Amino acid sequence: MTNPFTPGFGLTPIILAGRDIAIDEFAAALAGTVPEARAILISGQRGAGKTVLLTEFRELALEAGWTDLRMHTSSTSLLEELRGQAISRLREIDPEAETSRLTSARVMNVSAQRDIVQRYEGEGEPLAVVLDRLAELAEAEGGGLLITLDELQSVDRDQLHALTQHVQDLIGSGHAVAFLAAGVRTGVDALLDHERTTFLRRAHRLEVGSVDVGTAAEAIRMTVADTAKSITPEAAVLAGEISRGYPYLIQLIGSKAWQNSGDAEVIEVEDVRGARDAVVAAMIKNVHGPALRGLSARKREYLRAMLEDEGPSAVGDIARRMGIDPRNQSTYRERLIEDDLIRPAGRGFVEYALPYLDEALRHEEREGVGADVEPDRGVRRSHRGRRA
Ligand SMILES: Nc1ncnc2c1ncn2[C@@H]1O[C@H](COP(=O)(O)OP(=O)(O)OP(=O)(O)O)[C@@H](O)[C@H]1O
Ligand SMILES: [Mg+2]
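Here we summarise the structure given alongside this text. (Residues numbered from 1 in each chain as written. Chains lettered and ligands numbered in written order. Predicted model: local features only at pLDDT ≥ 70, side-chain atom pairs only at ≥ 80, totals over all residues. Heavy atoms only, no water.)

In this structure, Ile42, Phe57, Val272, Tyr302, Leu303 and Ile342 are the most contacted members of the largest nonpolar core, which totals 77 residues. By residue number, the principal contributor to this core is helix H14 (residues 276-293), which donates 8 residues. Excluding anything up to four places from it in sequence, phenylalanine 57 contacts Ala22, Ile23, Phe26, Ile40, Ile42, Leu180 and Leu206. Core analysis: the second largest hydrophobic core is formed by 34 residues, Leu134, Leu137, Leu152 and Leu192 among them. (Core = buried A, V, L, I, M, F, W, Y, C linked by side-chain atoms within 4.5 Å. Buried < 20%, exposed > 50% of the residue type's maximum accessible area, 1.4 Å probe, protein only. Helix = DSSP H or I, 4+ residues; strand = E, 2+ residues; numbered from the N terminus. Contact = heavy atoms within 4.5 Å.)

In this section: the packing of aromatic side chains. For the coordinates displayed, the defined rule picks out 3 aromatic pairs. With centroids separated by 5.8 Å and ring planes inclined at 65 degrees, the aromatic side chains of phenylalanine 179 and phenylalanine 199 adopt a geometry described as edge-to-face. Of this pair, phenylalanine 179 sits in strand S4 (residues 177-184) while phenylalanine 199 sits in helix H9 (residues 198-202), and the two are 20 residues apart along the sequence. With relative accessibility at 1%, the residue phenylalanine 179 sits in the buried group. A relative accessible area of 11% places phenylalanine 199 in the buried class. A cation sits over an aromatic face here: lysine 229 above tryptophan 258, 5.0 Å from the ring centre. Over the aromatic face of tyrosine 356 sits the side chain of arginine 244, whose NZ or CZ is 4.1 Å from the ring centroid. (Phe/Tyr/Trp six-rings, centres within 6.5 Å; stacked < 30°, edge-to-face > 60°. Lys NZ or Arg CZ within 6 Å of the ring centre and 35° of its normal.)

Pairing within the open sheet is antiparallel, and its 3 strands lie in the order S8-S10-S9. Each edge of the open sheet carries a strand with a single partner, namely strand S8 (313-314) and strand S9 (342-344). Pairing geometry for S9 and strand S10 (residues 349-352), over 3 bridges, is antiparallel. Within S10, the position partnered with isoleucine 342 by the bridge is tyrosine 352. (Pairing = 2+ DSSP bridges.)

In this section: the site of ligand 1. Residues in close proximity to ligand 1 total 24 residues, the closest being Thr6, Gly8, Gly10, Leu11 and Lys50. Glycine 8 has a polar backbone atom sitting 2.7 Å from an oxygen atom of ligand 1. In this structure, tyrosine 248 approaches ligand 1 through a main-chain N or O atom, which is 3.3 Å from an oxygen atom. Notes on ligand 1: free accessible area 630 Å², of which the protein chains cover 98%. Put simply, the parts of the chain that give the shell around ligand 1 at least two residues each are helix H2 (50-63) and helix H12 (247-260). When residues of the shell around ligand 1 are sorted by domain, at least three fall in each of domain 1 (20-207) and domain 2 (213-284). (Near = heavy atom within 4 Å. Polar contact = N/O pair within 3.5 Å; in protein donor to acceptor, adjacent residues only side chain to side chain. Areas by Shrake-Rupley, 256 points an atom, 1.4 Å probe, with all protein chains shown as cover. Domains from an automatic or database assignment.)

Following this line, the structure appears as structure tokens:
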């Protein structure tokens, strides 16, 4: 029996928790006629489920007959990538290109064949013309043109501007075009502060994050229900609680509890309880570690000053513990909110913005900044040792 959970980045889970409204709205936007509804900017923290939602949207669009172009911020030139992808799509779907190519192959007319191929290699063919043709053909097939861009926080601003300019032109010409971007909230906010990102600023903003704990428990239960195993209601509830509704943690606790249940047919409360520490360790390693690494000493001190409180911390208390003037406190407060590490929790109060950040800080205090959460421990016989 293979583990049905997907505790990794960019891996689409079997059951999507808490995305019903977003998905229904996107389906409506695809079918509808309001261009603005088809420009969407997904943002959220690491592991909040941005890539998964972007992928789900793309699949919806493909099912509805749309044509997609996937841009990567790692490419040296977004426009070159756009051109390359548009041309390869055109080769697939342009009926003219297809028939001409077949004809020329049949009569063995080499020069004619070369002409056809060059049609979309577009020496001098403006990108706008290529995109226009592609959009036209996509619409003729009953869909439209979808352009996606993940990891938006690392995009080059000028390239992004050039890309969105093309998208805007296509929309302006009346084409059915959808544009989906996704990125870490803090990076995206910084990007939107600049002029020339107006198109994205006007896009429909979808903030993804934690779902409620009951929904998380239900997603875990349903994921297991699709397999030969089952999970007791108590175990599913506890797993939901441990996940705190955070998408990455939903998969992580589900996966570890599944592992712990071994060959048993039922996942019990003990399997879930026994998985908690490993789940927190993985969260610290993969999410908090990278976020805390570059933190200034003062910001770290601020976060640590919050550790004393059970729930939200009063900003006055934090200032006192740090030994600073309460008015100076607000600078750090604002910056940490921008960093997505804390969030306001009512007037004069703040709280950690991510599950188990407190445990990550305690770990740091104990072991030192940047210390490994999963120490290399244990001794076992190697294959040589076993054979000897
Ligand atoms: N709606 C959801 N329900 C349940 N699990 C989800 C959901 N969305 C994402 N996940 C799980 O959460 C984890 C992270 O998802 P994803 O890679 O989409 O996050 P991300 O926001 O793109 O992260 P990053 O900022 O690192 O790119 C994966 O293990 C994925 O399977
Ligand atoms: Mg992602």
